[in-house]
Amino acid sequence: MFKPKKILVPTDFSEYSAKAVERAFDIARQNDAEVVLLHVITQDVQACSVDYCLADNEVKNMEQRMVEGAKDRLQKEPAKFPLAKEVKFSTEVVNGIPYEEILKFQALNGVDLIVIASHGRSAIAKYFLGSVTSNVLKEAKCEVLLIK
């Protein structure tokens, strides 16, 4: 029987991701596994707009605030789930293309299960599988649990 030891849960803070987080905590509790909540920042700060540009230090400050805001929000996320108190978990925030960063994290950190929502914040109705999820399903080198 498959008993994961390290579970990766990509989250964009959507209601769909919350279901995946909840399921991951349940699986972790049952298997004495660790959960890693991962948020990928995809937005770049635009330095110029029409005829106005920000100084390099202003761009860096804005990017740093985005990362700090995401880290703060991610740290608070487990408090929504009672099972979080019963399992070991950690949080990570990275910049990049979501599916690439998820797969990279999985490969570099010994993740043996990815629990991922079928849709994210940009879900189009309920008819299509999200593009991030689809790419993770196709390319992951470990088990993937898709949560509806």
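A quick note: this is a predicted structure, and the numbers were derived from the prediction, not measured.

Regarding helix H1 (residues 15-31)
- Taking 1.5 Å of rise per residue, the 17 residues of H1 would be expected to cover 24 Å, and the 25 Å separating its terminal C-alpha atoms lies within 8% of that figure.
- Along H1, the residues that are buried comprise Tyr16, Ser17, Ala20, Val21, Ala24, Phe25, Ile27, Ala28 and Asn31.
- Of the surrounding secondary structure, the elements contacted by the buried residues of H1 are strand E1 (6-10), strand E2 (34-41), strand E5 (88-95), strand E6 (113-117) and strand E7 (143-147).
- Phi for Asp32, located one or two positions after H1, is positive at around 50 degrees.

Side note on the confidence of the model for the protein
- Per-residue confidence for the protein averages 88 on the pLDDT scale, and 89% of its residues sit at or above 70.
- Per-element confidence in the protein ranges from a low mean pLDDT of 74 for strand E3 (residues 48-49) to a high of 98 for E1.
- Taken together, the stretch residues 123-128 has pLDDT below 50 and engages in 5 contacts with residues farther than four places along the chain or on a different chain.

Section: helix H2 (residues 56-76)
- Helix length check: H2, at 21 residues, gives a terminal C-alpha distance of 31 Å against a target of 30 Å (1.5 Å per residue), a fit within 8%.
- Within H2 the residues assigned to the buried category are Val59, Val67, Ala70 and Leu74. The buried residues of H2 all sit within an arc of 70 degrees when viewed along its axis, so they share a single face. Opposite the buried face of H2, at more than 90 degrees from it, the exposed residues are Asn57, Arg65, Gln75 and Lys76.
- Of the surrounding elements, those touching the buried residues of H2 are E2 and E5.

Rules of the game
Residues numbered from 1 in each chain as written. Predicted model: local features only at pLDDT ≥ 70, side-chain atom pairs only at ≥ 80, totals over all residues. Heavy atoms only, no water. Helix = DSSP H or I, 4+ residues; strand = E, 2+ residues; numbered from the N terminus. Expected span 1.5 Å × (residues − 1). Buried < 20%, exposed > 50% of the residue type's maximum accessible area, 1.4 Å probe, protein only. Contact = heavy atoms within 4.5 Å. pLDDT = per-residue confidence, 0-100. Arc of directions from axis to C-beta.

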